[in-house]
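What follows is each chain in one-letter form.
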Amino acid sequence: MEKIKVAIIGATGAVGQVFMWMLSDHPWFDVEYITASAARIGQRYGSSVHWVIPFEIPEKIKPLEIKGYDLDAMKDAGVQIVFSAMPADVAKTAEPELRDHGFYVFSNAGAMRYEKNVPIMIPEANFSSLDMIKDQGYPESGFVVTNANCSTTGLAIALAPLKKHGIKEISVSTYQSVSGAGYPGLSSFDITDNVIPFIGGEEEKMEAEIRKILEITPEVYAYCVRVPVMFGHLESVWLTFEDEVEVEDIIRDWDEFVIEESGLPSSPVKPVVFDADNTFPQPKYAFWGTPKGMVVYTGRLKKKNNKIGFTLMVNNVVKGAAGGSIQNAEAFVKLYGLK
Ligand SMILES: NC(=O)c1ccc[n+]([C@@H]2O[C@H](COP(=O)([O-])OP(=O)(O)OC[C@H]3O[C@@H](n4cnc5c(N)ncnc54)[C@H](OP(=O)(O)O)[C@@H]3O)[C@@H](O)[C@H]2O)c1
């Protein structure tokens, strides 16, 4: 089978590197075109990138040439799917332009997440939101499908099987890793031996996105905090439900949340894995699971008065970013048969 040619825009950043790592041996997609900022044009990926992913850089991607952002050149190269890992301000003009030129864009940037007809898609939580691409003009035109902010992704997956109990209120505090700020991100002066109790825009994103993804209208109270950890966002969550819910119900809901036959190469069979051990989960398990980094881990489950509390850990650069986009593109190909 001939593979589908894809481009990665912003291939040298924290998220772009995960795209390169995950797509280097993907069964359906072939990386045909990569870009970064203008200073890198013409350079070979392996010698240009400052590789931060905790696995060896795949040999196959080292010789790829970093090219300019040129829509005609991308078309001539046969690219159909574009993975976007650009800064949001660049994405704001580039992503609608890519769509208007007929590309199928799967984006990590926040720029278009709140537009009507643009889904914030997480296959485990809202597969049917992919239908919105028709409202954007597909198949006559291209489209943009976004994935959620990285902290919201972990929360949405953990809550997807609990939604049936009627979620009235969500209080969430995050402990977010430094890779969430991209590379080079924060100054080591600011984050070493420290915790920063504010991440600009993050709390508002969580509050808005969880409602759009799960199509629920709870009160959401979020605090987002940066901690000196490399990968993996931890979150502590308190929920109030309309129904009377016990911890045993939550454990059963997560346990029965199994997607055996998704047919998507990057989807985990069990999207949420719970462990009752008091020390679980931790960011050091960020790359656990199959596929690596795609499982959301939960623990510390308890009930107090009418509230259910738990902690979760999501890999922000894999499931919360590049891996989520790849899964979305796989879902599109499976449903609409581009392959
Ligand atoms: N990091 C996360 O955990 C995470 C999670 C979810 C979503 N996101 C979103 O994903 C996007 C990428 O995040 P990131 O963490 O990978 O950021 P990053 O490390 O700063 O990477 C940004 C990428 O965009 C390129 N770039 C910068 N300016 C550009 C320009 N004017 N034109 C074209 N390319 C340009 C950079 O190239 P150079 O290397 O040459 O500068 C780099 O490849 C952002 O929108 C972010 O909000 C990030």
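Predicted model only: the values in this text are computed from it and were never measured. (Residues numbered from 1 in each chain as written. Predicted model: local features only at pLDDT ≥ 70, side-chain atom pairs only at ≥ 80, totals over all residues. Heavy atoms only, no water.)

> I'd like a description of the site of the ligand, backed by residues and values.
Within the structure, the ligand sits among 25 residues, and T12, S37, R40, M86 and Y183 are positioned closest to it. The separation between an oxygen atom of the ligand and a polar main-chain atom of V15 is 2.8 Å. Contacts to the ligand include Y183, whose backbone N or O atom sits 2.8 Å from an oxygen atom. Here the ligand, which alone exposes 900 Å², has 77% of that area covered by the protein. For the shell around the ligand, the elements supplying multiple residues, two or more each, are helix 1 (14-23), helix 4 (88-100) and helix 11 (318-336). Residues that form the shell around the ligand fall into these classes: 14 nonpolar, ten polar and one charged. Residues from two domains meet in the shell around the ligand; each of domain 1 (4-148 + 321-336) and domain 2 (150-315) gives at least three. (Near = heavy atom within 4 Å. Polar contact = N/O pair within 3.5 Å; in protein donor to acceptor, adjacent residues only side chain to side chain. Areas by Shrake-Rupley, 256 points an atom, 1.4 Å probe, with all protein chains shown as cover. Helix = DSSP H or I, 4+ residues; strand = E, 2+ residues; numbered from the N terminus. Nonpolar A, V, L, I, M, F, W, Y, C, P; charged D, E, K, R; others polar. Domains from an automatic or database assignment.)

> Pulling in residues and values, what's your account of the packing of aromatic side chains?
Following the criterion strictly, the structure yields 25 aromatic pairs and no others. Ring centres 5.6 Å apart and planes at 85 degrees place the aromatic pair Y138 and F143 in the edge-to-face group. This pair shows no difference in class: Y138 is buried, exactly as F143 is. An aromatic cluster is built from F19, W28, F29, F83, Y104, F106, Y138, F143, F332 and Y336, whose rings are joined through pairwise contacts. (Phe/Tyr/Trp six-rings, centres within 6.5 Å; stacked < 30°, edge-to-face > 60°. Buried < 20%, exposed > 50% of the residue type's maximum accessible area, 1.4 Å probe, protein only.)

Geometric descriptors of this kind do not, in isolation, establish any biological role.
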